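In case you want the letters, here they are:
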Amino acid sequence: MGVEAHATNERVTGRRWTVRLDPVGRGRADVRVSCSRPACAAQVLPSAADGRTAAIAHLKAHLRAGPAPRPSVQCACRAEECHTHIRPAGPRERPVPWRCGGAVVLAVITDREGRWWQVLECCSRCAAAHPTAKVVATAPVAEAPARGDGFRADGPAPATPGGPAATTPTFSAISPHFSHSAAAATGTAVPQQASGPRSSAPRSAPRSARPTRKRPPRGRIAQRLVPHDLRPVALRDELTELGELFRAYQARTEPDLAVLADLHARKAEAFDAWAEVTADTGLRLDARRAEQAAATARLQHLHRIGQAPDGEGPAVVRLLTAPAQWNHARAVLAHVAENAPLPGAEARLLVLMVTLRTAQSGVGNLVGQDIKGLPLQDPEHLVGQLVESGWLGISGTVEELIASRPESPTRISVPSLTPDEDDPGPFTFGRKLRPKLSGWAQRVVGEKKLRKGKTGADVRLLALALATGADGEGRLGPGGEGIGLDALASWCAVDPGDLPDLVDRLTAADWLAEADVTGTLLTGGLTERVLPLGCPLT
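Just so it is clear, the structure is predicted and the values come from calculations on it, not from any experiment. (Residues numbered from 1 in each chain as written. Predicted model: local features only at pLDDT ≥ 70, side-chain atom pairs only at ≥ 80, totals over all residues. Heavy atoms only, no water.)

## Points about the overall build of the protein chain
Along the backbone of the protein chain there are 17 helices and 15 strands. Expressed as a percentage of the 538 residues in the protein chain, the buried residues total 39%. Within the protein chain, contacts between residues at least 6 apart in sequence are counted, and of these 63% link residues at least 24 apart. For the protein chain, the accessible surface area stands at approximately 29,900 Å², while carbon and sulfur atoms represent 52% of it. (Helix = DSSP H or I, 4+ residues; strand = E, 2+ residues; numbered from the N terminus. Buried < 20%, exposed > 50% of the residue type's maximum accessible area, 1.4 Å probe, protein only. Contact = heavy atoms within 4.5 Å. Areas by Shrake-Rupley, 256 points an atom, 1.4 Å probe, with all protein chains shown as cover.)

## Some thoughts on the side chain of threonine 410
Examined against the element boundaries, threonine 410 turns out to sit in strand E12 (residues 410-413). A polar contact is formed between the side chain of threonine 410 and the side chain of serine 404, at a distance of 3.5 Å. In contact with threonine 410, not counting residues within four places along its chain, are Gly364, Asn365, Leu366, Ser395, Glu400, Leu401 and Ser404. (Polar contact = N/O pair within 3.5 Å; in protein donor to acceptor, adjacent residues only side chain to side chain.)

## Quick word on the nonpolar core
By size, the foremost hydrophobic cluster in this structure holds 73 residues, and its most contacted members are Leu466 and Trp511. Beyond its immediate chain neighbours, meaning those up to four positions away, leucine 466 contacts Leu476, Ile483, Leu488, Leu506, Leu512, Leu522 and Leu526. (Core = buried A, V, L, I, M, F, W, Y, C linked by side-chain atoms within 4.5 Å.)

## Concerning helix H13 (residues 433-445)
Its 13 residues place the ends of H13 19 Å apart at the C-alpha level, agreeing with the 18 Å of an ideal helix rising 1.5 Å per residue. Those residues of H13 lying buried are Leu433, Arg434, Leu437, Ser438, Trp440, Ala441, Val444 and Val445. Here the buried residues of H13 occupy an arc of 160° about the axis, which is enough to place them on one side. Summarising the contacts, the buried residues of H13 are in contact with helix H8 (323-339), helix H9 (345-358), helix H14 (448-452) and helix H15 (457-467). (Expected span 1.5 Å × (residues − 1). Arc of directions from axis to C-beta.)

## Brief notes about unusual backbone geometry
As a rule of thumb, non-glycine residues mostly have phi less than zero, and peptide bonds are mostly trans rather than cis. Cis rather than trans, the peptide bond between arginine 231 and proline 232 has omega equal to 5°. Positionally, proline 232 belongs in the loop between strand E9 (224-225) and helix H5 (233-250). The phi dihedral of aspartate 510 is positive, around 65°, even though this residue is not glycine. Here aspartate 510 shows up in the loop between helix H17 (499-508) and strand E14 (512-517). With phi around 55°, glutamate 514 is a residue other than glycine that occupies positive phi space.

## Here we look at the sheet that holds strand E11 (residues 393-394)
Strand order in the open sheet made by the 3 strands is E10-E12-E11, with antiparallel pairing throughout. Each having just a single partner strand, strand E10 (363-366) and E11 make up the two edges of the open sheet. Bridge count for E11 against E12 is 2 bridges, and the pairing is antiparallel. Bridge pairing links isoleucine 394 to isoleucine 412 in E12. Strand contacts of H9: E10 and E12, with the helix running at about 120° to E10, the strand carrying the most contacts. (Pairing = 2+ DSSP bridges. Axes fitted to C-alpha atoms, helices over the stretch in contact; angles between N-to-C directions.)

## Digging into the pattern of salt bridges
If charged atoms from side chains of opposite charge come close, those side chains can pair. Taken as a whole and assessed by the stated rule, the structure comprises 21 salt bridges. Of the charged contacts, one joins arginine 266 and glutamate 241 as a salt bridge, the two residues approaching to 3.9 Å between their closest N and O atoms. Of this pair, arginine 266 sits in helix H6 (residues 257-278) while glutamate 241 is found in helix H5, placing the two residues 25 residues apart along the sequence. On the basis of relative accessibility, which here comes to 39%, the residue glutamate 241 falls in the partly exposed class. The salt bridge involving glutamate 291 is made with arginine 288; its shortest N-O contact spans 2.9 Å. Residue glutamate 291 and its partner arginine 288 are both found in helix H7 (residues 281-305); the two are separated by 3 residues, about one turn of the helix. (Salt bridge = Lys/Arg side-chain N within 4 Å of Asp/Glu carboxyl O.)

## Quick notes on the sheet that holds strand E13 (residues 483-484)
Judged by pairing direction, the sheet is antiparallel, and its 3 strands sit side by side in the order E13-E15-E14 without closing on themselves. Unpaired on one side and paired on the other, E13 and E14 mark the two borders of the sheet.

## Quick look at a negative patch on the surface
On the surface, a cluster of negative charge is made up of Asp378, Glu380, Glu399 and Glu400. Positionally, glutamate 399 belongs in helix H12 (residues 398-403). (Patch = residues over 30% accessible without salt bridge, like charges linked within 9 Å, V, L, I, M, F, W, Y side chains within 5 Å. Lys, Arg positive; Asp, Glu negative; His and termini not counted. Charge placed at Lys NZ, Arg CZ, Asp CG, Glu CD.)

## Some points on the packing of H9 against helix H11 (residues 379-388)
Contact geometry for H9 and H11: axes closest at 11 Å, N-to-C directions at 70°. If you check the angle between H9 and H11, you find them roughly perpendicular. Like other packed secondary-structure pairs, H9 and H11 cross with a definite hand, here right-handed. Between H9 and H11, the residues in contact are Glu346, Ala347, Leu350 and Val351 and Leu382, Val383 and Leu386, respectively. Across the contact of H9 with H11, the residue classes tally to 6 nonpolar, no polar and 1 charged. (Parallel < 35°, antiparallel > 145°, perpendicular 65-115°, else oblique. Left-handed = near helix turned anticlockwise from the far one by under 90°. Nonpolar A, V, L, I, M, F, W, Y, C, P; charged D, E, K, R; others polar.)

## Focus on the packing of aromatic side chains
Under the definition given, this model contains 2 aromatic pairs. Their ring planes at 80° and their centres at 5.6 Å tell us that phenylalanine 271 and tryptophan 274 sit as a pair that is edge-to-face. Taken together, the positions of phenylalanine 271 and tryptophan 274, both in helix H6 and 3 residues apart, correspond to about one turn of that helix. A relative accessible area of 0% means that phenylalanine 271 is categorised as buried. (Phe/Tyr/Trp six-rings, centres within 6.5 Å; stacked < 30°, edge-to-face > 60°.)

## Re the packing of H15 against helix H16 (residues 485-492)
Close contact between H15 and H16 brings their axes to 9 Å; oriented N to C, the two are set at 130°. On the basis of their axis angle, the class for H15 and H16 is oblique. As for the relative orientation of H15 and H16, their crossing is right-handed in sense. Here Asp458, Leu461, Leu462, Leu464, Ala465 and Leu466 of H15 come into contact with H16, specifically with Leu488, Trp491 and Cys492. Residues of the contact of H15 with H16, tallied by class, amount to 8 nonpolar, no polar and 1 charged.

## Some details on the confidence of the model for the protein chain
Averaged over the protein chain, the pLDDT score is 79; the fraction of residues at 70 or greater is 76%. Confidence, expressed as mean pLDDT per element, reaches its minimum in the protein chain at strand E7 (residues 170-171) with 42 and its maximum at H15 with 94. Confidence drops under a pLDDT of 50 for residues 1-9, and excluding neighbours within four residues, the segment shows 5 contacts in the predicted structure. This stretch, residues 143-206, has a pLDDT under 50; its non-local contacts, to residues over four places away or in other chains, come to 79 contacts. (pLDDT = per-residue confidence, 0-100.)

Here it is in structure tokens:
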């Protein structure tokens with residue numbers, strides 16, 4: 001017994017390593033791929049997609065080059081005091097102290113977002129307890145010896161050279177796929193019953209030749225396993241099918257909010273039925289969350305196709321479609337108001353348009369028409385002032401910028417918007433949203449009736465402010481209570497006494513309806529014609 005205890009205490013802990021995908025810096029697109037194994041150097045890739053491909057290739061190389069799982073190692077998961085182990089079903093099923101049950105496997109665990117992959121040499125029970133585990137190799141289970149040949153109650157006897165446990169484990173023929181779907185450990189063949197001289201009656205078929213009763217595959221939905229014995233069977237099948245449909249939807253390249261809303265609605269009904277059968281409060285709460293998700297997805301779908309939620313009439317098809325985009329537009333306007341390097345409405349308008357061109361990386365392209373299309377009295381002089389102040393940098397002269405054409409744009413830079421390791425920049429939106437915000441501002445500033453009315457920069461700045469300061473129905477201010485005149489005058493870089501004239505010009509351009517300037521507030525609303533350009537208050 002002393003020799004056996006020493007062997008258990010000296011058992012080798014299973015291997016464990018992690019491959020991670022981390023951003024290099026805030027506001028940057030490149031990513032870093034690192035591996036916890038000492039000999040592996042980190043890599044920097046230009047995008048998250050390239051980084052994920054490199055991380056998976058790196059992990060597969062380790063799996064191909066590394067040894068197969070060893071049958072007698074200590075479970076790496078158990079060594080970390082993991083609390084997700086599947087406990088024994090009864091008091092007699094006592095696991096050995098170094099493993100909770102099952103054959104030793106090599107499992108890959110990943111998060112749903114694809115940011116890290118971890119390889120564990122652990123027991124099959126430990127792997128099954130992790131919802132994202134994928135078993136890529138299984139060590140053969142050693143054949144239990146006879147009672148008189150060193151049988152131990154706490155586990156199989158140590159393998160002897162040439163014995164059954166010395167069989168070389170092999171990897172699964174299926175290459176690993178690092179997804180959120182778990183895989184069951186592969187089983188081992190059952191040895192045939194040996195025949196003896198004492199039996200003369202016809203024997204039944206060997207155990208390995210008898211047909212085996214296979215359980216249906218267990219379904220998974222919302223990180224929950226669907227029990228095999230769940231009744232009614234129709235509910236079990238519905239939950240299993242829904243889990244597969246949700247995973248298929250996640251693999252789509254393009255979203256379909258109508259399909260997603262239907263899936264959440266079916267999930268809510270199925271979880272309600274599941275909660276009735278099992279009396280599980282958590283399932284009922286999940287059903288309520290699924291109902292809310294279905295309503296949200298359906299509302300977003302109706303907004304995208306231009307229909308009203310109640311079916312009474314067409315909804316507004318907006319240029320910027322999501323609340324996050326509206327908030328980012330307001331953030332850009334606020335940043336320009338606080339950081340404009342020159343006074344005056346014309347300088348404010350030019351700074352805004354240049355900021356939207358360079359907001360993501362601090363650099364961008366500009367052509368002469370971009371500047372000459374704005375209502376500026378002396379655009380060349382104004383650009384020169386921005387360059388002299390150090391706020392704007394251009395590759396060439398101001399004259400060359402004004403004369404540049406789309407086939408040969410001028411490279412510009414704004415140092416205050418250029419991110420670095422210490423300062424990621426004032427904006428948090430991504431590269432795809434920047435051109436949407438820039439296009440939205442150009443549509444507002446260059447709106448047809450504003451151009452025909454030959455309105456100045458101050459009127460167009462007011463149009464931008466009102467487009468971001470109205471609610472979903474176009475009423476100005478939170479709850480339609482109006483917008484403060486001081487805030488509007490500060491944004492438009494004009495005196496508060498000049499606002500009534502600007503409001504009249506917007507009303508004449510069919511931008512405002514029922515506008516009224518009181519002592520401190522501007523009330524009224526946007527006309528239905530310009531509602532698509534609005535960014536509603538949420």
